[in-house]
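Read off the chains here:
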Amino acid sequence: MGDKKADSQARAELLGQLLNAVGESSYMLVHGDGRDSKYLVMLRVTDDQLKELSASWKREPAAVAVGPLKFLPLSLEAGAQPGDVPAALYDAAAQRWTGSIAVRRFK
């Protein structure tokens, strides 16, 4: 698989399939529409899980709220850590997405 824009969906789907294979329930976020869509795999997390992760990672992972649920994004960008979301997709200061999104359970 390459690193071209068109491969972002294929890479995200592969990660989702790998997570499902090990028993994790993953979600797929689609940002934008058409050819400009960006894909992001996310894991649903609770506040307790975020506290545990903060303690073990020695940093607070950024959870993203989508409605009443919280998710840990798994960006496939080079150098990204769990919880990182590209600024082009999410404005962390305003806690808002920069475009329309759709979230669905990955199957």
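This is a predicted model, so every value here is computed, not measured.

**Concerning helix H1 (residues 8–21)**
Given 3.6 residues per turn, any residue in an α-helix points the same way as the ones three and four places further on. Compared with the 20 Å implied by 1.5 Å per residue over 14 residues, the 20 Å span of H1 between its first and last C-alpha is a close match. All buried positions along H1 are accounted for by Ser8, Ala12, Gly16 and Leu19. Viewed end-on, H1 has its buried residues packed into an arc of 65°, placing them on one side of the element. Along H1, exposed side chains directed more than 90 degrees from the buried face belong to Leu18 and Ala21. Contact partners of the buried residues in H1: strand S1 (26–31), strand S2 (38–45) and strand S4 (69–74). Once H1 ends, the next one or two residues include Gly23, with phi positive near 95°.

**Looking at the pairing of S2**
Alignment of S1 against S2, held across six bridges, turns out to be antiparallel. Within S2, the position partnered with Leu29 by the bridge is Leu40. The hairpin formed by S1 and S2 contains six residues between the paired strands, and Gly32 there has a positive phi angle of roughly 85°. With five bridges joining them, S2 and S4 adopt antiparallel strand pairing. Along S4, the bridge assignment pairs Val45 with Lys70.

**Focus on the nonpolar core**
Tyr27, Leu29, Leu40, Met42, Val64, Phe71, Val85, Leu89, Tyr90 and Trp97 together form the largest nonpolar core, which totals ten residues. Every element with two or more residues in this core is listed here: S1 and S2. The contacts of Val85, once residues within four sequence positions are left out, are Leu40, Val64, Pro73, Tyr90 and Trp97. Residues Ala12, Leu19, Val30 and Leu43 belong to the second largest nonpolar core, which totals eight residues.

**Re the pattern of salt bridges**
Within the structure shown, the criterion is met by one salt bridge. Residue Asp47 pairs with Lys70 through a salt bridge whose shortest N-O separation is 2.7 Å. With a gap of 23 residues between them, Asp47 in helix H2 (residues 47–57) and Lys70 in strand S4 connect regions that are remote in the sequence. For Lys70, a relative accessible area of 32% corresponds to the partly exposed category.

**Comments concerning the packing of aromatic side chains**
As enumerated under the stated definition, the model contains two aromatic pairs in all. On the numbers, 4.9 Å between centres and 65° between planes, the contact of Tyr27 with Phe71 is edge-to-face. Of this pair, Tyr27 sits in strand S1 while Phe71 sits in strand S4, and the two are 44 residues apart along the sequence. Ring centres of Tyr90 and Trp97 lie 4.7 Å apart, and the angle between their planes is 65°; on these two criteria the pair is classed as edge-to-face. For the pair Tyr90 and Trp97, a shared accessibility class is recorded, and that class is buried.

Rules and cut-offs
Residues numbered from 1 in each chain as written. Predicted model: local features only at pLDDT ≥ 70, side-chain atom pairs only at ≥ 80, totals over all residues. Heavy atoms only, no water. Helix = DSSP H or I, 4+ residues; strand = E, 2+ residues; numbered from the N terminus. Expected span 1.5 Å × (residues − 1). Buried < 20%, exposed > 50% of the residue type's maximum accessible area, 1.4 Å probe, protein only. Arc of directions from axis to C-beta. Contact = heavy atoms within 4.5 Å. Pairing = 2+ DSSP bridges. Core = buried A, V, L, I, M, F, W, Y, C linked by side-chain atoms within 4.5 Å. Salt bridge = Lys/Arg side-chain N within 4 Å of Asp/Glu carboxyl O. Phe/Tyr/Trp six-rings, centres within 6.5 Å; stacked < 30°, edge-to-face > 60°.

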